[in-house]
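What the coordinates show
Here is how the chains run, residue by residue.
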Amino acid sequence: CKAGGGLCYGYRVVKKLDANGEPVRGDREIIAEEAATVRRIFRAFAAAKRPKAIAGELNKEGIPGPLGRAWGDTSIRGHVSRGTGILNNELYAGVLVWNRQRFVKDPATGKRVSRPNPKSQWIRTEVPHLKIVDDDLWQAARVRQQEISAIFGPNPANTREGRAKRLH
């Protein structure tokens, strides 16, 4: 199974050639140091540490985040329904998910914007060789997210209405 789109934290592209000397695209492998950081994030979150606190610790220790940038709480918690952020990336659980979103041109601005596809259109493939987080730890993070959602409700920043309020 090949990975399309961008690389995510914890993985690198495997550069190799096929029998004709052409580059083989889409193969990934785990980066051990980054995988250890991913597991640390999951363990801390499952133990009720807030994403902002986790990010602060990683930054204080000088551990570079995705794309070599500083860690932020959103890079850790992401957007549950869109499958973004470290805690929602199913690749860490050994599942590659395709077709989560599509891109359309905004007629008002002419810019390309992402729109989520319904979950029924997502394509899921097991990729056990890319698994970083074991099933128990993955499930512990899901349980923690459900607890947070039950207490606080959905994050308003993750809704169109919530983002609109922020702008005014």
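Below or above, wherever it landed, is the structure these notes cover.

With that settled, consider unusual backbone geometry. Not every positive phi belongs to a glycine, and Ala-48 is a case in point at roughly 75°. Residue placement: Ala-48 occurs in the loop between helix H1 (32-46) and helix H2 (51-60).

A word on the packing of aromatic side chains. On inspection of all chains with the given rule, the structure shows four aromatic pairs. With 6.4 Å between their ring centres and 80° between their planes, Phe-42 and Tyr-92 make a pair best called edge-to-face. Taken together, the residues span a long stretch of sequence, with Phe-42 in helix H1 and Tyr-92 in the loop between helix H3 (73-77) and strand E5 (95-98) at a distance of 50 residues. Here Phe-42 and Tyr-92 have matching classes, each one buried. Three or more aromatic residues joined by ring pairs make a cluster, and in this case those are Tyr-11, Phe-42, Tyr-92 and Trp-138. Here Arg-112 stacks its cationic end above the ring of Phe-103, 3.8 Å away from the centre of that ring. Sitting over the face of the ring of Trp-138, Arg-142 holds its NZ or CZ atom 4.0 Å from the ring centroid.

Turning our eyes to something else, we now look at the pattern of salt bridges. If you walk through the whole model with that rule in mind, you get eight salt bridges. A salt bridge links Asp-73 to Arg-77; the shortest N-O distance between them is 3.3 Å. Taken together, the residues span about one helical turn, with Asp-73 and Arg-77 both in helix H3 at a distance of four residues. Linking Glu-90 and Arg-124 is a salt bridge whose minimum nitrogen-to-oxygen distance equals 2.3 Å. In this pair, Glu-90 sits in the loop between H3 and E5 while Arg-124 sits in strand E8 (residues 123-126), placing the two residues 34 residues apart along the sequence.

It is the contact of H1 with H2, at a shortest axis distance of 10 Å, that shows an interaxial angle of 145°. Between H1 and H2 lies a crossing whose hand is right-handed. For the pair H1 and H2, the contacting residues are Thr-37, Arg-40, Ile-41, Ala-44 and Phe-45 in the first and Pro-51, Ile-54, Glu-57 and Leu-58 in the second. Of the residues assigned to the contact of H1 with H2, the class counts are six nonpolar, one polar and two charged.

About the thresholds
Residues numbered from 1 in each chain as written. Predicted model: local features only at pLDDT ≥ 70, side-chain atom pairs only at ≥ 80, totals over all residues. Heavy atoms only, no water. Helix = DSSP H or I, 4+ residues; strand = E, 2+ residues; numbered from the N terminus. Phe/Tyr/Trp six-rings, centres within 6.5 Å; stacked < 30°, edge-to-face > 60°. Buried < 20%, exposed > 50% of the residue type's maximum accessible area, 1.4 Å probe, protein only. Lys NZ or Arg CZ within 6 Å of the ring centre and 35° of its normal. Salt bridge = Lys/Arg side-chain N within 4 Å of Asp/Glu carboxyl O. Axes fitted to C-alpha atoms, helices over the stretch in contact; angles between N-to-C directions. Left-handed = near helix turned anticlockwise from the far one by under 90°. Contact = heavy atoms within 4.5 Å. Nonpolar A, V, L, I, M, F, W, Y, C, P; charged D, E, K, R; others polar.

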